[in-house]
Amino acid sequence: MAAGEGKRMRSRIPKPLHRICGKEMIRYPVELMKVAGADRVIVVVSPDNREAIKAVLGETVEYAVQEQADGTGGAVASCLQLLHGNTENMLVVGADTALVQLDSVNTLLETHSEAAASMAVLTAPSDGPSDLGRVVLSKGGKIIRIVEASEVEGNRDELSPLFNAGVYCFKYSWLERSIGKLRPRPSGELYLTDLAAIGSRAKAGVSPVLVGEMEEVIGINNRSQLAIAEAVIRDRIREQWMLAGVTMTDPGTVYIDADVTIGMDTTILPNTILSGTTSIGENCEIGPNSVIRDSAIGHNCRVTSSALEEATMEDHTDIGPFSHLRPGAYLESGVHIGNYVEIKESRFRSGAVMGHFGYAGDATIGARVNVGAGMITCNYDGKAKHRTVVEDDAFIGCDTMLVAPVTVGEGSITGAGAVVTKDIPPARLAVGVPATIKRNLK
């Protein structure tokens, strides 16, 4: 169910698309349902958020449109026609149930099946969040009805110590027959929770199922709860990777997004942020004070106090401290990048070295090239970007300016402070301002 307006978020972004650990909130329950074995996943959207949600989930799910804001009952009713005739059981979750875990859903499904219940409800002990509804139980432990959070004060005497966690499993044939019995509340909404009372009166069997952990029932209705959910999932992510063989010397200062992958025997040092779809190989050292987004890092690499964005480091490369790989930067195996270096849309081939401050933009730096301190590729002429090529085994002297478009040939050398405005053939020494050929090095 993803059609709610989410007004308490106070945002122009649809609530299901707010991110938790780098991943849109709605992706958590969608992925959970798929892992739990759902044959089909239908996302109920509103006319206002349909296109935005579809842009995120694409064709991986089906969609039903809840044309009117008529509550959770209306949301479920809007998708029943898509399932008519070929559905046995139906799992219903909200788009904001990002914290519910697979074990709890599996227990819900198993209990629903074993009890031959028409409806099963995930519940939690009532020492948890206070903005959830409560359930009323019979002496036999079945649910008689569900009381909404706004109605709790007037019904405390009959309430059980269980919260409604907002995750349900229905026998589809019963749900299809019963949902038409829902009646609008004063707000005009149809409450899916009223089906519990309908099922109880019909002796259809409504079973409560306890969640595995209390944190799973935290709802996400505002920015404060969004931050709480972020903290919970970050803890889970760190625990997952440490159990998989990743060392974190100070886990509380490490931030790892949900889609990041990390290889065994890698160490993540304090104050490091790994975001987006970043992948890190085995036996690496990352940090301290490093920020890496949507980048690929191979095995046996080191990133020290540096930033990477949409960049690639092959095996046995290192960078830092205080350097920056911008989008399109690519370091082949054995490349060394030292301190205060910025690289953008450039490829450094195997064994190239740039040990000290400088800038390489829109460049190809050949294998085994040594780039001296202060080298700059002057890639922008005020109108367009141009490329610089430094061929294999060249030596770029300190403070060399390479004014693109320009090529430095294989094995050539530039003297300190050279301003290279014309191509240098292979095996030449070029010095001066502007640089001129002084010697054939063959």
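None of these values were measured; they are calculated from a predicted model. (Residues numbered from 1 in each chain as written. Predicted model: local features only at pLDDT ≥ 70, side-chain atom pairs only at ≥ 80, totals over all residues. Heavy atoms only, no water.)

**Some thoughts on the sheet that holds strand 37 (residues 406-408)**
So the rule is basically this: Strand pairing is defined by DSSP finding a minimum of two bridges between the two strands. Numbering of helices and strands runs from the N terminus; a helix is a DSSP stretch of H or I covering at least four residues, while a strand is a stretch of E covering at least two.
Spatial strand order, 13-16-19-22-25-28-31-34-37: nine strands in an open sheet with parallel pairing. Each edge of the sheet is formed by a strand with only one pairing partner; in this case those strands are strand 13 (261-262) and strand 37. Sheet topology note: the strand 31 (residues 363-365)/strand 34 (residues 388-390) ladder contains three bridges and is parallel. Along strand 34, the bridge assignment pairs isoleucine 365 with valine 390.

**What to know about the state of the cysteines**
The following threshold applies: Disulfides are defined in this document as cysteine sulfur pairs within 2.5 Å.
Inspection of the entire model under this criterion finds zero disulfides. Summary of cysteine pairing: cysteine 79 is not part of a disulfide, and the nearest cysteine sulfur, belonging to cysteine 169, is at 13 Å.

**Observations regarding the sheet that holds strand 38 (residues 413-414)**
Taking strand neighbours across the sheet as the criterion, the twelve strands line up as 11-14-17-20-23-26-29-32-35-38-40-41 in an open arrangement whose pairing is mixed. If you trace the sheet from one side to the other, it starts and ends with strand 11 (247-248) and strand 41 (436-440), each paired once. Relative to strand 32 (residues 370-371), strand 29 (residues 353-354) runs parallel, the two being bridged by two bridges. In the strand pairing of strand 32, methionine 354 is matched with valine 371.

**Focus: the pairing of strand 4 (residues 62-65)**
Operational definition: Handedness of a crossover: with both strands directed away from the viewer, a clockwise path from the first strand across the helix to the second marks it as right-handed.
As paired strands, strand 3 (residues 42-45) and strand 4 are joined by four bridges and run parallel to one another. By the bridge assignment, isoleucine 42 is partnered in strand 4 with glutamate 62. Between strand 3 and its parallel partner strand 4, the chain crosses via helix 2 (residues 50-57), and the hand of that crossover is right-handed.

Function cannot be inferred from these measures alone, as they are strictly geometric.
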